[in-house]
Amino acid sequence: MATLVVCVDRADDIGRKTGLETPVVGWEAVRSLVTDVGLADPEDSSVNSLLETLRVARDLRDDDEEAVVAVVSGASDSVVGADRAVALQLDDLIAEYDLDRAVVVIDSAEDERLVPVVESRLNVDSVDRVVVRQARDIESTYYLLKQFLADEELRQTILVPVGLAFVAFPVLALMYSPAIGAATITAVIGTFLLYKGFSIDDVLTDAASQTRDALYSGNVSVVTYAVAVGLTFVGIFVGALAASELQNVEGVVVPAMRFAYEAVPWLTTAGVTASVGRILDEALTDDRTLSSSSLNIPFVLTSVALVVRGFSGYFLERAGIFSNFEVGPLELGALTVEAFTLGTGERLAVFVVAAVLLAIAGVQVAAFLTEPTIDEEGMDEDGDELETGS
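Per-chain numbering applies: the sequence of each chain, read as written, is numbered from 1 onward. The predicted origin of the model limits local features to residues at a pLDDT of at least 70 and limits the giving and counting of side-chain atom pairs to 80 or more, whereas totals for whole chains, interfaces and linings rest on all residues. Excluded from the side-chain calculations are hydrogens and water; all other atoms, namely the structure's heavy atoms, are used.

**Overview of the packing of helix 2 (residues 27-40) against helix 3 (residues 46-62)**
Then, in step 1: Viewed as axis vectors pointing N to C, helix 2 and helix 3 meet at an angle of 160 degrees, and their least axial separation amounts to 9 Å. Comparing their axes, helix 3 and helix 2 come out roughly antiparallel. Note on packing geometry: the crossing formed by helix 2 with helix 3 is left-handed. Taking contact as the criterion, the partners of Trp27, Val30, Arg31, Leu33, Val34, Val37 and Gly38 in helix 2 are, on helix 3, Ser46, Val47, Leu50, Leu51, Leu54, Ala57, Arg58 and Arg61.
Then, in step 2: Each residue receives one of three labels: charged for Asp, Glu, Lys and Arg, nonpolar for Ala, Val, Leu, Ile, Met, Phe, Trp, Tyr, Cys and Pro, and polar for the others, Gly being one of them. Within the contact of helix 2 with helix 3, the residues separate by chemical class into ten nonpolar, two polar and three charged. Axis angles are defined between N-to-C directions and span 0 to 180 degrees, where every axis is a line fitted to C-alpha atoms and, for a helix, only to the segment in contact. Helix and strand definitions follow DSSP, with helices as H or I runs of at least four residues and strands as E runs of at least two, each counted in order from the N terminus. Roughly parallel here means an angle under 35 degrees, roughly antiparallel means over 145, roughly perpendicular means 65 to 115, and every remaining angle is called oblique. Handedness of a helix crossing follows the sense of rotation of the near helix relative to the far helix, less than a right angle counterclockwise being left-handed and clockwise being right-handed. Residue contacts follow a heavy-atom distance rule, with two residues in contact if any of their heavy atoms lie within 4.5 Å.

**A look at the sheet that holds strand 5 (residues 123-129)**
Then, in step 1: Overall, mixed pairing links the five strands, which are arranged 2-3-1-4-5 in an open sheet. Looking at strand neighbours, the two that pair on one side only are strand 2 (24-25) and strand 5, the edges of this open sheet.
Then, in step 2: Sheet strands touched by helix 4 (residues 79-97): strand 1 (2-9), strand 2, strand 3 (67-73) and strand 4 (99-106). Its angle to strand 3, the strand with the most contacts, is close to 160 degrees. Strand pairing requires that DSSP identify at least two bridges connecting the strands.

**Some details on the packing of aromatic side chains**
Then, in step 1: Any two of the Phe, Tyr and Trp rings considered here, Trp counted by its six-membered ring, make a pair once their centres fall within 6.5 Å; the pair's planes then place it as stacked at under 30 degrees, edge-to-face at over 60, or tilted in between. Enumeration over the complete set of coordinates arrives at one aromatic pair.
Then, in step 2: Placement of a charge over a ring requires the Lys NZ or Arg CZ to be within 6 Å of the ring centre, with the centre-to-atom vector within 35 degrees of the ring normal. For the cation-ring pair, Arg309 lies above Tyr261, with the distance from its terminal atom to the ring centre recorded as 3.8 Å.

**Section: the nonpolar core**
Then, in step 1: Note on terminology: a nonpolar core comprises buried Ala, Val, Leu, Ile, Met, Phe, Trp, Tyr and Cys residues joined through side-chain atoms within 4.5 Å. We call a residue buried when its accessible area falls under 20% of the maximum for its residue type, exposed when it is over 50%, and partly exposed in between, using a 1.4 Å probe and counting protein chains only. Counting residues in each nonpolar core, the largest one holds 20 residues, and the members touching the most others are Leu4, Val8, Leu99 and Val104.
Then, in step 2: When contributions to this core are tallied by element, the ones reaching two or more residues are strand 1, strand 3, helix 4, strand 4 and helix 6 (115-119).
Then, in step 3: Sequence-distant contacts of Val104, defined by excluding residues within four places in its chain, comprise Val6, Val8, Val115, Val118, Val124, Ser126, Val127 and Asp128.
Then, in step 4: Val37, Val56, Leu60 and Val71 belong to the second largest nonpolar core, which has 18 residues in total.

**Concerning the UniProt feature "transmembrane region" (unreviewed entry) in the protein**
Then, in step 1: As annotated in UniProt, the feature "transmembrane region" (unreviewed entry) corresponds to residues 154-173, 179-198, 219-243, 293-316 and 348-369 in the numbering used here.
Then, in step 2: Structurally, residues 154-173 is divided into 100% helix and 0% strand, and its ends, taken at the C-alpha atoms, are 28 Å apart.
Then, in step 3: Counted over residues 219-243, helix gives 92% and strand 0%. Its end C-alpha atoms are 37 Å apart. UniProt positions are given in the numbering used here, feature names are shortened, and annotations may be inferred rather than shown by experiment.

**Some thoughts on a negative patch on the surface**
Then, in step 1: A cluster of acidic residues, Asp62, Asp63, Asp64 and Glu65, forms a negative patch at the surface.
Then, in step 2: Here Glu65 lies in the loop between helix 3 and strand 3. The residues that make up patches have over 30% relative accessible area and no salt bridge, and they are joined within 9 Å when like-charged or within 5 Å when they are Val, Leu, Ile, Met, Phe, Trp or Tyr. Using the Shrake-Rupley algorithm and a 1.4 Å probe, accessible areas are obtained, with residue cover drawn only from the displayed protein chains. Put simply, a salt bridge is a Lys or Arg side-chain nitrogen that is within 4 Å of an Asp or Glu carboxyl oxygen. Charged-residue counts in this description rest on Lys and Arg as positive and Asp and Glu as negative, His and the chain ends being excluded. Taken as the charge location is NZ of Lys, CZ of Arg, CG of Asp or CD of Glu.

**Brief notes about a nonpolar patch on the surface**
Then, in step 1: Together, Val307, Phe311, Phe315, Val352, Val353, Val356, Leu357 and Ile360 make up an exposed nonpolar region whose accessible area comes to about 650 Å².
Then, in step 2: Put simply, the parts of the chain that give the nonpolar patch at least two residues each are helix 13 (292-318) and helix 14 (344-370).
Then, in step 3: Top contributing element to the nonpolar patch by residue count: helix 14, with five residues.
Then, in step 4: Inspection of the secondary structure assignment puts Phe315 in helix 13.

**A short note on the confidence of the model for the protein**
Then, in step 1: For every residue, the pLDDT score states the predictor's confidence, bounded by 0 at the bottom and 100 at the top. Per-chain confidence: the protein averages 82 in pLDDT, with 87% of residues scoring 70 or above.
Then, in step 2: Within the model, the stretch residues 373-377 combines pLDDT values under 50 with two contacts to residues more than four positions away or in other chains.

**Observations regarding the environment of Ala355**
Then, in step 1: Tracing the backbone shows Ala355 in helix 14.
Then, in step 2: The exposure class of Ala355 is buried, given its relative accessible area of 4%.
Then, in step 3: Measuring from C-alpha to C-alpha, the distance between Ala355 and Gly310 comes to 9.6 Å, with 45 residues separating the pair along the chain.

**What to know about unusual backbone geometry**
Then, in step 1: Here the residue pair Thr22 and Pro23 is connected by a cis peptide bond, since its omega of 10 degrees sits within 30 degrees of zero.
Then, in step 2: By the secondary structure assignment, Pro23 is in the loop between helix 1 (13-18) and strand 2.
Then, in step 3: One non-glycine residue, Asp12, lies in the positive phi region at around 60 degrees.
Then, in step 4: With respect to the secondary-structure elements, Asp12 resides in the loop between strand 1 and helix 1.
Then, in step 5: The class of Asp12 is buried, set by a relative accessible area of 12%.
Then, in step 6: One non-glycine residue, Asp64, lies in positive phi territory at about 65 degrees.

**Notes on helix 11 (residues 221-244)**
Note on helix geometry: an α-helix contains 3.6 residues per turn, so any two residues three or four positions apart are oriented the same way.
Then, in step 1: Here helix 11 is 24 residues long and its end C-alpha atoms lie 34 Å apart, about the 34 Å a rise of 1.5 Å per residue gives.
Then, in step 2: When helix 11 is considered as a whole, its buried residues turn out to be Ser221, Thr224, Ala228, Leu231, Gly235, Gly239, Ala242 and Ala243.
Then, in step 3: Elements in contact with the buried residues of helix 11: helix 12 (253-283). The span you would expect from a helix comes to 1.5 Å times its residue count less one.

Following this line, the structure appears as structure tokens:
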């Protein structure tokens, strides 16, 4: 019975860098592999793992033990495939060399996950973890800094904000106080980190590119989007003005409901205007096809607006800001409806029912307008008539 001294490489770094297939078995084969890996990548820690494998095998042979040196790796694109590849290589080695125990040499935490695979087939006497000692002297630090400074993106991302903070802090500290300077610098750095973390720069770049393409293409939606932005600002202003006029009101719930009640009509009009522009763009294209989602957006926006306005009006009535809604007398030909007053819950129910009916109507309208005609159903994708069997 022999002892297997095996160097495991789960990521198959050795195979990718040398182009050799594993397992590599034998003292001379592994020693030659050390040279190949070292020439391919002198900084790879696998060189040290291979040398440690040879050293352990030599020590065992000096103690008159039969040792088989081997290198196995997981040559696969998936984790499960890599582990199975190592397992198959171990099975072949066990069948060929009559092995009963093993010493496993690893150089990383990822390779250590293969130890249970070896243990399932052989008695593992030892797990040799290779830790490479690296000298971090002044010269190596200098070259690391030089490489860091050569990267333009890293310089702009790290050095520029740090440099601005060092320049701005003494100025703010002299003009105001160190506390204000530190708070300002912290807030600016936090804003910058959020800006980069949420990739706001990419969002702004995409928005500018889409706006430029829309302007050059002459889409109607460019105008409707501009109108929608204006209506949005009007809605925010109207809502804020109405909320600020409330007097002797504590808390934020009632002002928020007042803001929503007054701003929702303007915001809904802005959304409907923008969606109409998108519908017109689709209608004016060459294929003149309308999507059901685009046609349904105005109805959905209006339905949501009715719900929000209904609930905000409900809370405002309960708070005493609004009085009950009164409906005057109505004359529809021979039919006469006398004046009546809607209670708080009744008014809310009217808004909710109207929103549901409008949403259903939107679905029906979108389905009707996007339903293919008989001529379209009889055409294939290239516009040719489909053959029908008798």
